[in-house]
Amino acid sequence: MQRGGDVGVEGSARSDLTTSDTAPRGTPAVVPESLARRRTSTIYDVVILGAGCAGLTSCLALLEAGAVGPILLIDSRTHYADDRTWCFWDVEATPFTHLARSSWDEWQVRTVAGTVTAAAPATPYLCLAANDFYTFALASIAKFGNVELRLDERAGEYREAGDVEVGGPANGATGDLVEVSTDGGTVWARELIDSRGLALSGTTVAAVKETSTWVPQQFVGLHIVATRPVFDPGECRLMDFAVDQSRGLRFMYVLPSSPFEALVENVYMSEPRLGAEGYQREIEEYLLAEFGLEPNEFVVAGAERGYIPMTDHRFARRMSARVTAAGMRGGATRPSTGYTFLGIQRSSRELADRLIRECRVAVGQPAARPDTGGRADVWRRPDAAPHARRTRAHADPTCSLLDAVFLRFLADHPERAPHVFALMFGRVDTASLVRFLTERSGALDHARLIIALPKLPFLRSAATVMGRRGLRALGTWGAAHRR
Ligand SMILES: Cc1cc2nc3c(=O)[nH]c(=O)nc-3n(C[C@H](O)[C@H](O)[C@H](O)COP(=O)(O)OP(=O)(O)OC[C@H]3O[C@@H](n4cnc5c(N)ncnc54)[C@H](O)[C@@H]3O)c2cc1C
């Protein structure tokens, strides 16, 4: 069993960051000065709206693939707060794997009936801090010298401007461009990547719910630092359902990084109508009940919160000829779990490869690439290649169907979810389950999953999903024939 903070993963880029040279949790990431320097240009090969997880990953993927033209990153944030913790199973190489601060070979699912432990030492569960991710991504991007980052700038509308003549400093430049309005002015892009996260209006959500399953995942996580050693760094509580379920389906998520420190999250898969204090109060109650920690025996070193819609709605990725949606906005989230990080890694690589392949961006010689410490080019490693292409858009159809059925089951029978998760983690071979959870599963894995799950309720959920898919297909067919 590996302990928190002691990461060394077979087959992955190994960490050269030790606890002493990583910034403490809660510390904002460092933005290299050279990135923030304003250029005079208003026309770019690529403009990326939203420089979060997908924006930065796509930018790095493009640079690694050889893009040498000017790239602009625009983000409305003023700085890079340590605002989240990304966890994922170590199933394939990513440029960020070596940053993981903690790793667990096994994980628990708890219900009132007991605890199920699943172990897969070959594919541990990794956790990386947002400040490490942002600092590393920004520093790697800065080394290339052709990227400008504008923070505190809000992007608004964009439109395909066609064959335009651009005025201002880029006077005389022509070509098919996308015109982007921001509160700092107007910029033009040969390619636009929209990775501004998911911002859905109430009406859009209502429309999506008409045709697709929608389960909200809402959570608050606190970075707890206790005054005495109460956590077991080897014990990852993936889902603890043995808590009050009266406000809706809910579990606690506990990721200890040392005997004194843990990220403790209160996760609802429902609409609990609970303010931030309510979430925090439930975390405090849990700390007392499970670890005997009184409120005066710990401090909160940081907090994170999120809303991740779990839905089988298909978010469009190709918005138009020159505009691609990425990250959560482009449907990188796994419907039945909310996990998104690996999906972003895969789709970023795929997007960069496509833009290079279709000659959408200027490309330079590989020899001219700066040395990013051998990290950022791990997408090229043989173990990354086959699955890096399996993005959500091209997910295995059986895997997608099972995912949708599982999600429908969660929506229809939330009260049975704890038991079913325990069955999944207890009965299904862990390697198979990890492959399913990370969209690398095959027919045998799917068979194992189906055998382990209760048949009748899942058949009903499958019928609902198939019925909705049929109606959707009919609607699309009808619309095509009306035109
Ligand atoms: C707290 C939290 C924890 C998570 N943990 C995990 C996890 O453990 N594992 C996992 O797989 N997934 C996790 N996720 C889900 C997902 O991986 C993250 O949300 C991820 O950051 C999504 O990447 P993104 O690029 O789509 O969006 P973001 O990273 O949110 O980036 C969007 C960016 O767009 C910017 N922006 C928004 N509007 C504008 C505008 N108008 N103009 C300019 N910029 C704009 C924002 O400031 C932001 O920087 C978590 C999410 C949250 C919120």
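Use the structure listed above.
Please read these numbers as outputs of a predicted model, since none were measured by experiment.

Caption draft 1: Spatial organisation of the overall build of the chain. Each helix and strand in the chain was counted, giving twelve helices and 18 strands. Of all 483 residues assigned to the chain, the portion counted as buried reaches 56%. Within the chain, counting contacts between residues at least 6 apart in sequence, those at least 24 apart form 77% of the total. Surface summary for the chain: the accessible area is close to 20,400 Å², and the carbon and sulfur share equals 54%.

Caption draft 2: Seen up close, helix 8 (residues 397-412). Here helix 8 is 16 residues long and its end C-alpha atoms lie 22 Å apart, about the 22 Å a rise of 1.5 Å per residue gives. Listed in full, the buried residues belonging to helix 8 are Cys 399, Ser 400, Leu 402, Asp 403, Ala 404, Val 405, Phe 406, Leu 407, Arg 408, Phe 409 and Leu 410. Two to three positions downstream of the cap, the backbone nitrogen of Thr 398 sits 3.0 Å from a side-chain oxygen, assigning the N-cap of helix 8 to Asp 396.

Caption draft 3: Structural detail: the nonpolar core. Of all hydrophobic cores here, the largest spans 97 residues; its most connected members are Leu 56, Trp 107, Tyr 125, Phe 421 and Phe 425. Dropping the residues within four chain positions of it, Phe 425 is found in contact with Trp 107, Val 109, Val 116, Ala 118, Leu 238, Met 239, Leu 433 and Leu 437. Counting residues in each nonpolar core, the second largest holds 20 residues, with Ile 224, Val 264, Leu 274 and Tyr 286 among its members.

Caption draft 4: Main features of the packing of aromatic side chains. Enumeration according to the criterion identifies 24 aromatic pairs in this entry. Where Phe 88 meets Phe 341, the ring centres are 4.8 Å apart and the plane angle is 20 degrees; that geometry is what we call stacked. Residue Phe 88 is found in strand 3 (residues 85-89), and its partner Phe 341 is found in helix 6 (residues 341-357); the two are separated by 253 residues along the sequence. As far as the burial class goes, Phe 88 and Phe 341 line up, both buried. With a centroid separation of 5.7 Å and an interplanar angle of 75 degrees, the aromatic rings of Phe 133 and Tyr 134 are classed as edge-to-face.

Caption draft 5: Structural view of the site of the ligand. The full set close to the ligand counts 30 residues, and Asp 75, Arg 77, Cys 87, Thr 340 and Phe 341 are the nearest of them. Within the side chain of Trp 86, an N or O atom sits 3.1 Å from an oxygen atom of the ligand. One nitrogen or oxygen atom from the main chain of Met 328 is found 2.8 Å from an oxygen atom belonging to the ligand. In isolation the ligand exposes 980 Å². Once the protein is present, 88% of that is buried. Contributions of two or more residues to the shell around the ligand are made by helix 2 (53-64), strand 3, strand 16 (298-311) and helix 6. Here the element with the most residues in the shell around the ligand is strand 16; it accounts for four residues. Partitioned by chemical class, the residues of the shell around the ligand number twelve nonpolar, nine polar and nine charged. A domain split of the shell around the ligand shows at least three residues from each of domain 1 (19-105 + 123-198 + 316-388) and domain 2 (209-311).

Caption draft 6: Local environment of the sheet that holds strand 6 (residues 114-119). With mixed pairing, the seven strands of this open sheet are ordered in space as 6-5-13-14-15-12-16. The sheet terminates laterally at strand 6 and strand 16, the two strands that pair on one side only. Strand-to-strand twist in this sheet, taken as the mean axis angle between neighbours without regard to direction, amounts to 20 degrees. As defined by bridge partners, strand 14 (residues 250-256) adjoins strand 15 (residues 261-268) across seven bridges and the pair is classed as antiparallel. When the bridges of strand 15 are listed, Arg 250 appears paired with Tyr 268.

Caption draft 7: Local environment of the pairing of strand 14. Summarising burial for strand 14: seven of the seven residues are buried, a large majority. Burial along strand 14 is two-sided: Arg 250, Met 252, Val 254 and Pro 256 and Phe 251, Tyr 253 and Leu 255, pointing in opposite directions, are all buried. Between the antiparallel neighbours strand 14 and strand 15 lie four residues.

Caption draft 8: Spotlight on the state of the cysteines. Tallied over the full model, the rule gives zero disulfides. Not part of a disulfide, Cys 236 finds its nearest cysteine sulfur in Cys 87, a span of 7.4 Å. Take Cys 236: its relative accessible area is 0%, and that puts it in the buried class.

Caption draft 9: Here's a closer look at the pattern of salt bridges. Counted by the stated rule, this structure contains 33 salt bridges. Between Arg 237 and Asp 240 there is a salt bridge, with its nearest N and O atoms 3.8 Å apart. For Arg 237, a relative accessible area of 5% gives the class buried. For Asp 240, a relative accessible area of 1% corresponds to the buried category. For Arg 408, the salt bridge identified is with Asp 412, shortest N-O distance 2.7 Å. Of this pair, Arg 408 and Asp 412 both sit in helix 8, separated by four residues, roughly a single helical turn.

Analysis parameters
- Residues numbered from 1 in each chain as written.
- Predicted model: local features only at pLDDT ≥ 70, side-chain atom pairs only at ≥ 80, totals over all residues.
- Heavy atoms only, no water.
- Helix = DSSP H or I, 4+ residues; strand = E, 2+ residues; numbered from the N terminus.
- Buried < 20%, exposed > 50% of the residue type's maximum accessible area, 1.4 Å probe, protein only.
- Contact = heavy atoms within 4.5 Å.
- Areas by Shrake-Rupley, 256 points an atom, 1.4 Å probe, with all protein chains shown as cover.
- Expected span 1.5 Å × (residues − 1).
- Polar contact = N/O pair within 3.5 Å; in protein donor to acceptor, adjacent residues only side chain to side chain.
- Core = buried A, V, L, I, M, F, W, Y, C linked by side-chain atoms within 4.5 Å.
- Phe/Tyr/Trp six-rings, centres within 6.5 Å; stacked < 30°, edge-to-face > 60°.
- Near = heavy atom within 4 Å.
- Nonpolar A, V, L, I, M, F, W, Y, C, P; charged D, E, K, R; others polar.
- Domains from an automatic or database assignment.
- Pairing = 2+ DSSP bridges.
- Axes fitted to C-alpha atoms, helices over the stretch in contact; angles between N-to-C directions.
- Disulfide = S-S within 2.5 Å.
- Salt bridge = Lys/Arg side-chain N within 4 Å of Asp/Glu carboxyl O.

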